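Observations on the three-dimensional arrangement
Below, each chain spelled out in residue letters.
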Amino acid sequence: MHTYFLGDAEVGSYAADLAARLVDLGDQAPGTWVSLGISGDKMTAEIVKRVLGTAAEPEAVHSVAFDRTKREAISRDDGDLPTDLGERSVLVIDAAVHSGASMRHLVDVLNARGCRSLLSYSLVVKITSEFVPCYFGLMIGEHDRAFFQLDRIPNNRLLRKAPFGAVRMLREDDIRREPDCLTCGVKSIDRMTYGDLWYDTRTKGSHVYLYEIGGEIAGYIHFKRTPENRLFIDLIANGTAFQGQGIGGVLMRWAETYARAARMSAIDLWAIEARMGFYRHHGYEAQDGRMDLGGEGEVYHLMRRRLLYNLKPEDLHVEAA
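The present account deals with the structure reproduced in this document. In this text the structure is predicted, and so the values were computed from the model without any measurement.

1. Description of the pairing of strand 5 (residues 89–97)
Within strand 5, eight of the nine residues are buried, which leaves it mostly tucked inside the rest of the structure. Bridge count between strand 2 (residues 32–36) and strand 5: four bridges; the pairing is parallel. Paired with Val 34 across the two strands is Val 92, which belongs to strand 5. Pairing of strand 5 with strand 6 (residues 117–126) involves eight bridges; the strand directions are parallel. When the sheet's bridge partners are listed, Ser 89 is paired in strand 6 with Ser 117.

Right under this line is the structure:
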């Protein structure tokens, strides 16, 4: 996973280049511009100020949002999109195209209103996008991220509040701890010793990370990579003395960070029925899968979190004609 940071200078340079290309179009330069979303508005403003007083200066600029549920373009300013575009040439502008679904649907709306001459631009485009703009600045990978015009560059953050501690890998000397396991209130997990976890890391390609506070293990997470290029969380445990303090969230954020950095497509886990709300809070959705372990007294459900901006399957593929 790569992260790209585009400051004012870089964004301005991309905008200046596009402005020059629009000016070169002369009479063919689009007179109607449509910006998509708030970030699209920012990019549009950068380009507009560079074409003022030229043949490429737009006659009208419309700001819209796209409602994916209703598949409707919703005006975000005082002027609605013309219902009949006729022979008008239109330029659609966004700042970042991920799946391409929003821009594709917006273009469908414009075509339905009679548009027969359309150009499109995005500062950033993911290589897996179903829609490819006519002009674009930076092409990035499926799992990459891009930030632009930030006042400060965000650090990754696992901890949000106390109790503060350390996240680290399980070590061989942890198997000699007393007690030799973490009690969390789930029978099957309470029986799992640190020795069992160490065995999994040495023989099954598993990874175990601990959350340690003052030398005491407060929780841990156990996960591995699957043949389908997904991360599977085998278990997550939070000691009874530390429950309700956000430690589970710290470990879940680390698993997501690990999976994104390893370019995995999703994270899977089997959630105890009573804990499904916790996982939904972290972006997981129930799948077709249910498991009753009988004597355990718990019912488990398969859940998944997609890692490509949590896009739905229908957002990742072009619909059949």
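On we go.
2. Remarks on the state of the cysteines
Taken as a whole, this structure holds zero disulfides when the rule is applied. Sulfur of Cys 134: no disulfide; nearest cysteine sulfur belongs to Cys 115 and is 11 Å away. Summary of cysteine pairing: Cys 184 is not part of a disulfide, and the nearest cysteine sulfur, belonging to Cys 181, is at 9.3 Å.

3. Points about the sheet that holds strand 7 (residues 135–140)
Spatially, 4-3-2-5-6-7 is the arrangement adopted by the six strands of the open sheet, whose pairing is mixed. Looking at which strands have only one partner, the edges of the open sheet turn out to be strand 4 (72–75) and strand 7. On average, each strand axis in the sheet is inclined to that of its neighbour by 30 degrees, with strand direction left out of account. The strands touched by helix 3 (residues 101–112) within the sheet are strand 2, strand 3 (60–67), strand 4, strand 5 and strand 6, with strand 5 carrying the most contacts at an inclination of about 165 degrees.

4. Looking at the layout of surface pockets
Computed from the structure, the largest pocket encloses a volume of approximately 880 Å³. Along the walls of the largest pocket sit 37 residues, with Asn 156, Arg 157, Arg 160, Arg 253 and Glu 256 positioned nearest its centre. Elements represented by at least two residues in the lining of the largest pocket include exactly strand 1 (3–6), strand 8 (145–148) and helix 6 (247–261). By residue number, the principal contributor to the lining of the largest pocket is helix 6, which donates eight residues.

5. Considerations on the environment of Leu 22
Among the structural elements, Leu 22 can be located in helix 1 (residues 8–24). The exposure class assigned to Leu 22 is buried, which follows from its relative accessible area of 1%. Along the backbone, Leu 22 and Arg 157 are 135 residues apart, and their C-alpha atoms lie at a distance of 41 Å.

6. Examining the pattern of salt bridges
Applying the stated criterion across every chain yields a total of 15 salt bridges. Between Arg 21 and Asp 17 there is a salt bridge whose closest N-O contact spans 2.7 Å. Residue Arg 21 and its partner Asp 17 are located together in helix 1, separated by four residues, close to a single helical turn. In this structure Arg 21 comes out as partly exposed when scored by relative accessible area, which is 43%. Between Arg 260 and Glu 256 there is a salt bridge, with its nearest N and O atoms 3.0 Å apart. A residue pair is termed a helical-turn pair when its members lie 3 or 4 positions apart in one helix, as Arg 260 and Glu 256 do in helix 6 at four residues. Here Arg 260 and Glu 256 have matching classes, each one buried.

7. Considering the packing of helix 1 against helix 2 (residues 37–48)
The interhelical angle for the contact between helix 1 and helix 2, taken along N-to-C directions, is 60 degrees, at an axis separation of 8 Å. Considered as vectors, helix 1 and helix 2 are oriented oblique to each other. By crossing handedness, the relation of helix 1 to helix 2 is classed as right-handed. Contacts between helix 1 and helix 2 involve Val 11, Ala 15, Leu 18, Ala 19 and Leu 22 from the first element and Met 43, Glu 46 and Ile 47 from the second.

The rules behind each value
- Residue numbers run consecutively from 1 along every chain, following the written order of its sequence.
- With pLDDT at 70 or above as the cut-off, local features in this predicted model cover only qualifying residues; side-chain atom pairs require 80 or more to be listed or tallied, and sums for whole chains, interfaces and linings still use all residues.
- Think of the side-chain values as coming from all heavy atoms in the structure, minus any hydrogens and water.
- Only protein chains enter the accessibility calculation, which uses a 1.4 Å probe; a residue is then buried when its area is under 20% of its type maximum, exposed when over 50%, and partly exposed in between.
- Going along the chain from the N terminus, every DSSP run of H or I of four or more residues is numbered as a helix, and every run of E of two or more is numbered as a strand.
- A pair of strands is considered paired only if DSSP assigns at least 2 bridges between the two.
- In plain terms, two cysteine sulfur atoms within 2.5 Å form what is called a disulfide here.
- To define axes, lines are fitted to C-alpha atoms, for helices over the stretch in contact only, and angles between the resulting N-to-C directions are given on a 0 to 180 degree scale.
- Any two residues having at least one pair of non-hydrogen atoms within 4.5 Å are treated as being in contact.
- Here the term cavity refers to a set of points on a 1 Å grid, laid over the protein atoms alone, in which a 1.4 Å probe fits but cannot get out; the term pocket refers to an open set having protein on both sides within 12 Å along at least five of seven lines, with lining residues being those that place an atom within 4 Å of a point.
- Grid points are joined across faces, edges and corners, and a volume is the space filled by probe spheres set on the points.
- We define a salt bridge as a side-chain nitrogen of Lys or Arg found within 4 Å of a carboxyl oxygen belonging to Asp or Glu.
- Oblique is the label for any angle not under 35 degrees, not over 145, and not in the 65 to 115 range, which are roughly parallel, roughly antiparallel and roughly perpendicular in turn.
- With the far helix as reference, a near helix turned anticlockwise by less than a right angle produces a left-handed crossing, and one turned clockwise produces a right-handed crossing.

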